[in-house]
4 protein chains.
Amino acid sequence: MEKYQAAVVGATGFTGVELVSILATHPNFELASAFSRQDSGAQLSDLYPALVERDADITLSPMSDLDGADFDVVFLAVPHTCAMGLVPSLLGSGAKVVDLSADFRLKDIPAFEHWYGVEHTVAELVDRSIYALPELVAHEMIAGAQLISCPGCYPTATALAAAPLLRSTLAKDDAVVIIDAKSGVSGAGRKASLATQFCPVDESVSAYKVAAHQHTPEIEQTLSGVADRPVALTFTPHLIPMKRGILSTVYIACEKDTDVRDVFQLYQDAYTDEPFVQVLALGAQPKTSSVTGTNNAQIGVAFDKRTNIAIITCAIDNLGKGASSQAIQVANIAFGLDQEVGLTAFRSIV
Amino acid sequence: MEKYQAAVVGATGFTGVELVSILATHPNFELASAFSRQDSGAQLSDLYPALVERDADITLSPMSDLDGADFDVVFLAVPHTCAMGLVPSLLGSGAKVVDLSADFRLKDIPAFEHWYGVEHTVAELVDRSIYALPELVAHEMIAGAQLISCPGCYPTATALAAAPLLRSTLAKDDAVVIIDAKSGVSGAGRKASLATQFCPVDESVSAYKVAAHQHTPEIEQTLSGVADRPVALTFTPHLIPMKRGILSTVYIACEKDTDVRDVFQLYQDAYTDEPFVQVLALGAQPKTSSVTGTNNAQIGVAFDKRTNIAIITCAIDNLGKGASSQAIQVANIAFGLDQEVGLTAFRSIV
Amino acid sequence: MEKYQAAVVGATGFTGVELVSILATHPNFELASAFSRQDSGAQLSDLYPALVERDADITLSPMSDLDGADFDVVFLAVPHTCAMGLVPSLLGSGAKVVDLSADFRLKDIPAFEHWYGVEHTVAELVDRSIYALPELVAHEMIAGAQLISCPGCYPTATALAAAPLLRSTLAKDDAVVIIDAKSGVSGAGRKASLATQFCPVDESVSAYKVAAHQHTPEIEQTLSGVADRPVALTFTPHLIPMKRGILSTVYIACEKDTDVRDVFQLYQDAYTDEPFVQVLALGAQPKTSSVTGTNNAQIGVAFDKRTNIAIITCAIDNLGKGASSQAIQVANIAFGLDQEVGLTAFRSIV
Amino acid sequence: MEKYQAAVVGATGFTGVELVSILATHPNFELASAFSRQDSGAQLSDLYPALVERDADITLSPMSDLDGADFDVVFLAVPHTCAMGLVPSLLGSGAKVVDLSADFRLKDIPAFEHWYGVEHTVAELVDRSIYALPELVAHEMIAGAQLISCPGCYPTATALAAAPLLRSTLAKDDAVVIIDAKSGVSGAGRKASLATQFCPVDESVSAYKVAAHQHTPEIEQTLSGVADRPVALTFTPHLIPMKRGILSTVYIACEKDTDVRDVFQLYQDAYTDEPFVQVLALGAQPKTSSVTGTNNAQIGVAFDKRTNIAIITCAIDNLGKGASSQAIQVANIAFGLDQEVGLTAFRSIV
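The written sequence of each chain sets the order in which its residues are numbered from 1. Numbering of ligands from 1 and lettering of chains from A proceed in the order in which they are written. Reporting of local features is limited, given that this is a predicted model, to residues whose pLDDT is at least 70; pairs of side-chain atoms are given and counted only at 80 or more, and all residues count toward the totals for whole chains, interfaces and linings. Note: side-chain values were computed over all heavy atoms of the structure, leaving out hydrogens and water.

### Re the pairing of strand β8 (residues 177-183) of chain C
All names here are of chain C.
So, step 1. Accessible area is worked out with a 1.4 Å probe on protein chains only. A residue is then buried under 20% of its type maximum, exposed over 50%, and partly exposed in between. Strands here are runs of E lasting at least two residues and helices are runs of H or I lasting at least four, both read from the DSSP assignment and numbered beginning at the N terminus. For β8, the tally of buried residues reaches seven of seven residues, placing the bulk of the element in the interior.
So, step 2. Of the two faces of β8, the one lined by V177, I179, A181 and S183 and the one lined by I178, D180 and K182 are each fully buried.
So, step 3. Bridge analysis of β8 against strand β10 (residues 233-239) gives seven bridges, and the strand direction is parallel. Looking across to β10, one finds that S183 is bridged to L239.
So, step 4. At least two DSSP bridges between two strands are required for those strands to pair. In this sheet, strand β11 (residues 246-253) lies alongside β8 in antiparallel orientation, the contact comprising six bridges. Each bridged residue has a counterpart across the sheet, and for I179 the counterpart in β11 is V250.

Here's what the structure looks like:
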């Protein structure tokens, strides 16, 4: 069996440690190194005691040791705006780069610079990257790319929910898509902050970054692509007192007299061959806990015939299909493996 | 100081016990009796040990002992469709009735019968009842009524969020209002069910009764009233892993070139004299935990200038402003008291 | 690769569905059938939507179809006192029986009948069963048995914590062992009850069945066995607002001038070859979340030199090492497989 | 009605804001000023939006403005080792000082310096302070003191649980008291740290500072005082995934043939006149949620006749009876008010 050498950069963050954990039991990727800016020299289990004496434990290497030539694939689980500094030399070394950050997601460089508040230092590389949402992008394109940009968590859940309808004639041409999304706290990453302390988060729900979240242009880019028209949308994320999970509730105005069964059929057809997407029976609604620790997305279809609005819900694990396990799915495709390899059962850490 | 004799019917449910607890420290109402269909003879503290040896503890009386003549006011905290059987004789006895159930909320009897799936046995009394959302209804009308119907939890949060904008010229005339609401688990009441067990609820979020929740016509009735036109809406409730709290996120399409400061001004003006409603500064978003155990509503105003959609959020405690403390507020008004009496600080039990 | 046909009886309970999920990806066991008393005919995914379209989904068979001759191994995940009715005919059919209930754990039949409040109808079979805590029992004995009784969750965590010290000369001979255990809510199983509803459990901790829990004699039996003397103990379980996990904090009085490093060495030596037990470094304390969804046990060693009391903590997943994954570990041993097969990574459902 | 001017120093911490909230509705204390080292000039509602437009909101004053002469009573809700720097000048100004920190709790200065790791700069003042656990200390002594030291949260719950038995002849003279305590996360205070982030805390339980918690000598001092002998104890705190609440489970070896009813009687007698302590009926166990947001303590009495060990549990709100509301109870006593004034119902903020 072919074995590819893999590295995880930024291994101590939530998406990083999840990557490490999945790679530890993956039959085709071998976790060769894990890099950390702040904690090099430490064991990963010092930060995540779940890994004590387990295969996923590893000594963290300093960033200065990172050389793409040592690996077949390098996963970047670094903060936004950090990946762009690492990518050029990694590409030069010949390794494939799977970037979980936002740095190469947006084709519109000014939009990137507006929403993320920084200059893009390697804008010329953006066109060489593939935005790899595997259920919406041709797998050959992923397989042919050296620089692969993984979708964000909110965009993944939202695009899976909206794409079949926006591609169809059932949606109104000028519908403004309303996206009301709910995320667990791990979406904020692993850092000490007052806002994500247990006490202020527990037993509460609130919206945040209303009409101002940096995932907005990414969702717009993806939905406009599938709809083949500029899609206007309003995106409101909410913080939910749970560790993991995203539920995206998407409202799309449809043509008059749309039949809910036709909407449902669209979704069944769209995802019938997708092993990681389950469209629930009409009347059922997905729960985020049903997909925790998996690469699955579960979708619920409903339709308000009094207003002709479709309400599509999609539940994913923000650290799974929304980040780390989707990155492995993408890497599987990139290396010509079955996309499900290593993802049937894996262990989540956060 | 004037003292009124009060009874709580259905004292063992979540809204019932909260009523009992507030009444126990209310200076003008005296909790004379608490009635229970199933637990008469027991102490309320047998079910809620928080009340052991406290003033709010009380021996539960059987329903057969209920006689409106014994009380100045009777609070009905009974399940929907039970109140209509109790109200006629209570009204006959001369007591004021404050009904927390849905039985007298809807003026449209066929709509009631459709959404609640039962015949309304005393439809002729509905017109005699006042739907008492105190921030939207004239207090004299509440004071003059003998039968007072308290709003539901979702309708309270949603109406407070939507009313100022729908009453204004900023909202588009034909805007379909999208309501994406999030509720804690106590909204399902106190009963043993698989769906509200700890394990399936914890660490998960999901939508339920999508486009099919029985509060929909109540919200339509209220919003149509304030807008003075038939308001179409889509309402999607979600279950959140927390005990108490509702956040209603309301999307309303506005006229082109609406200025967020004008929207904000509408809300400040609407609620400037309302002691229980706080409009947060632009940029701030309400958290449900900020209003837990209170009769407060906190409102956040935002506007997506890219789509001309206002996003108004309102946080309440579903058992407070959404039920029991609002019922006390209403009773205060009904008896000519200051509406804040007994509600500055009280103890929540659930 | 050898394949054994496996059945799960009681597949809809929490331990049942976890067994199903692990078996679905186990290389040597094939989940041939899943039986349910109440839900036969349904899909398991109707009750656990996490399983929709996944390999672990299965149509539930009626109990009347259960025939041991169809299987190499039958896992009994039925309520206590139900297993004893099923075991005789299963043994007669030649299948191995792995019983997760309490029915065959206690060698002392009167003690069983006292603590569980029922007559033991097949007491003569108890001596034929092996109590299979794999870290404390010789694997050959497990391999040679046809009827295997799996330990309870509290006894597993407690025995792993207490055994090395009780076997040693460091513990005082007459020490009363104090066991203060904390469990997540799934320990109460999947049933609608007021006590395990979200609202009464969330944001609270309490003791229950103090000095009266039915696991007491099982713990006594195990600790007395390892200590080779009758061990007196006091056991206090507590309910914690989390889904899964047990932490057992065990207090054992030691001989004067005991050195904490000697205690620590005992534990390192005891578990150095055990793949599922990790003894944390001195000063570290196990968290239940570190073992959630695994078959691991993590142990913390501390010593209060002011009182000569050792405080040993052990964290397990009550549905993992405390029930279902341990049952698979035991079955692995029983069939001569590596005990880790299928347990490196699996998916937890509850 | 007499009014006393009160100040809260350290108003932005969890205990500080709770003090502010209680004082805001207290009939005899007037919240004149709230001081903050880091946030002076801000509104308290900037940090705690629950206070927006409420009476408890207040502009935070700089520490440099603190002058005891302006107040009748100054509550110190500052970190340990900060109070000792403030107390001398406050005492000089004539104000009563109610100190919620640990600085004046321990009469044994070397013990303080050992456990807290700092030198005590005003050791001579310790003898002038009263350790004010109102159920165990004569109220006249509290009333006569100018410097009042409030007990810690763990010591309060533990002392209320242990005192009646340790004072009696039922407890064995040389019994080592085992204290296994469980606390919500707010016990760690309001500060950004990795350890109290939502993700590592949620869905987990663990012990911490085993046999090394700084409350140990305080508990020893109190229990030795009530027992009138040096009491040896082992204290193990645990972190529970909930915001508020402490449950202390205390194990005390008793004389042979002790009758549980005699133990129970001890507790009933001890607390029969105490308005804030409720001894639950035999067989019942206290839940922390029953006392959340109150100054109550609920006690459960159990006895293991197989080992002659009494298991006494005590539930308090760590920020209520364990800190802020107990400080108000103490201040009530100190100013000759009924100890229940202002504590029947108040609003909790954290």
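Next, the rest of the story.
### Considerations on the packing of aromatic side chains
So, step 1. We call Phe, Tyr and Trp rings a pair once their centres come within 6.5 Å, taking the six-membered ring for Trp, and we label the pair stacked below 30 degrees between planes, edge-to-face above 60, and tilted otherwise. With the rule as written, the count across this model stands at 30 aromatic pairs over all chains.
So, step 2. Each ring, one from B:Y4 and one from B:F29, has its centre 6.0 Å from the other, and the planes form 45°; the classification is tilted. One end of the pair, B:Y4, is in strand β1 (residues 4-9); the other, B:F29, is in strand β2 (residues 29-35), with 25 residues separating them in the sequence. Exposure class is identical for B:Y4 and B:F29. Each is buried.
So, step 3. Each ring, one from D:F29 and one from D:F75, has its centre 6.4 Å from the other, and the planes form 90°; the classification is edge-to-face.

### As for the interface of chain D and chain A
So, step 1. Taken together, the contact between chain D and chain A spans 19 residues of the former and 19 residues of the latter.
So, step 2. Between chain D and chain A, roughly 1600 Å² of surface is buried when both sides are summed, and carbon and sulfur atoms account for 69% of that area.
So, step 3. If you sort the residues of chain D by the area they bury against chain A, D:F198, D:C199 and D:K243 come out on top, with a joint share of 44%.
So, step 4. Here, a salt bridge means any side-chain nitrogen of Lys or Arg that lies within 4 Å of a carboxyl oxygen of Asp or Glu. At the junction of chain D and chain A, the tally comes to zero salt bridges. In this analysis, two residues are considered to be in contact whenever any of their non-hydrogen atoms come within 4.5 Å of each other. Note on terms: buried area is the combined drop in 1.4 Å-probe accessible area of two parts once they are placed together, counting the loss on both.

### As for the side chain of B:E220
So, step 1. Summarising the element assignment, B:E220 is placed in helix α8 (residues 216-227).
So, step 2. Throughout this description, a polar contact denotes any pair of N or O atoms lying within 3.5 Å of each other; where both atoms belong to protein, one of them has to be capable of donating a hydrogen while the other can accept it, and for residues adjacent in sequence the pair is counted only when both atoms sit in side chains. Polar contacts involving the side chain of B:E220 include one to the side chain of A:R306, which spans 2.3 Å.

### Focus: the interface of chain A and chain B
So, step 1. Taken together, the contacts link 42 residues of chain A with 42 residues of chain B.
So, step 2. In total, chain A and chain B occlude about 3300 Å² of area from one another, counting both sides; carbon and sulfur atoms represent 59% of this.
So, step 3. Counting the surface chain A buries against chain B, the share from its top three residues, A:E203, A:V205 and A:R306, is 18%.
So, step 4. Close ionic contact of A:E220 with B:R306 constitutes a salt bridge, the shortest N to O distance being 2.3 Å.
So, step 5. Linking chain A to chain B there are 28 residue pairs in polar contact (both at pLDDT 80 or more).
So, step 6. Only β8 (177-183), β9 (206-207), α8 (216-227), β10 (233-239), β11 (246-253), β13 (297-304) and β14 (309-316) of chain A provide two or more residues apiece to the side of chain A that touches chain B.

### Looking at the sheet that holds strand β3 (residues 60-61) of chain C
Residues and elements named next belong to chain C.
So, step 1. Taken together, the seven strands give an open sheet; going across it, the order is β3-β2-β1-β4-β5-β7-β6, and neighbouring strands pair in parallel fashion. For this open sheet the edge positions go to β3 and β6 (129-131), each flanked by a neighbour on one side alone.
So, step 2. Bridging between strand β1 (residues 4-9) and strand β4 (residues 73-76) involves four bridges; their strand directions are parallel. Paired with V9 across the bridge in β4 is L76.

### Some remarks on the pattern of salt bridges
Residue and element names in this part refer to chain A.
So, step 1. For the coordinates displayed, the defined rule picks out 36 salt bridges over all chains.
So, step 2. Residues R105 and E218 are paired through a salt bridge, measuring 3.2 Å at the closest nitrogen-oxygen approach. Highlighted residues: R105 in the loop between β5 (96-99) and α4 (109-116) and E218 in helix α8, separated in sequence by 113 residues.
So, step 3. For R105, a relative accessible area of 3% translates into the label buried.
So, step 4. The class for E218 is buried, based on a relative accessible area of 1%.
So, step 5. When the shortest N-O distance is used, the salt bridge between R244 and D317 registers 2.8 Å. One end of the pair, R244, is in the loop between β10 and β11; the other, D317, is in the loop between β14 and α10 (324-334), with 73 residues separating them in the sequence. Side by side, R244 and D317 carry an identical accessibility label, which is buried.

### Some words on the environment of C:I311
So, step 1. Within the fold, C:I311 resides in strand β14 (residues 309-316).
So, step 2. Spatially, the C-alpha atom of C:I311 lies 16 Å from that of C:I246, the residues being 65 residues apart in sequence.
So, step 3. Excluding its chain neighbours within four sequence positions, the residues that come into contact with C:I311 are C:T249, C:V250, C:Y251, C:G300, C:V301, C:A302, C:F303, C:D304, D:V210, D:A211, D:T234 and D:T236.

### Notes on the sheet that holds strand β6 (residues 129-131) of chain D
Residues and elements named next belong to chain D.
So, step 1. Spatially, the seven strands line up as an open sheet ordered β3-β2-β1-β4-β5-β7-β6, and their pairing is parallel. Looking at which strands have only one partner, the edges of the open sheet turn out to be β3 (60-61) and β6.
So, step 2. What counts as an axis is a line fitted to C-alpha atoms, over the stretch in contact for a helix, and the angles between N-to-C directions run from 0 to 180 degrees. Running over the sheet, helix α3 (residues 83-93) touches β1 (4-9), β4 (73-76), β5 (96-99) and β7 (147-149) and is turned about 175° from β4.

### Thoughts on the packing of helix α1 (residues 14-24) of chain B against helix α10 (residues 324-334) of chain B
All names here are of chain B.
So, step 1. Look at α1 against α10: their axes get within 8 Å of each other, and the N-to-C directions meet at 50°. Between α1 and α10, the crossing angle belongs to the class labelled oblique. Of the two elements, α1 crosses α10, and the hand of that crossing is right-handed. Across the interface between the two elements, T15, E18, L19, I22 and L23 from α1 touch S324, S325, A327 and I328 from α10.
So, step 2. Each residue is assigned to one class: nonpolar for Ala, Val, Leu, Ile, Met, Phe, Trp, Tyr, Cys and Pro, charged for Asp, Glu, Lys and Arg, and polar for all the others, Gly among them. Classifying every residue of the contact of α1 with α10 by side-chain character gives five nonpolar, three polar and one charged. Reported orientations rely on four angle classes, namely roughly parallel under 35 degrees, roughly antiparallel over 145, roughly perpendicular from 65 to 115, and oblique for the rest. Definitions for this section: a left-handed crossing has its near helix turned counterclockwise from the far helix by less than a right angle. A right-handed crossing has that turn clockwise.

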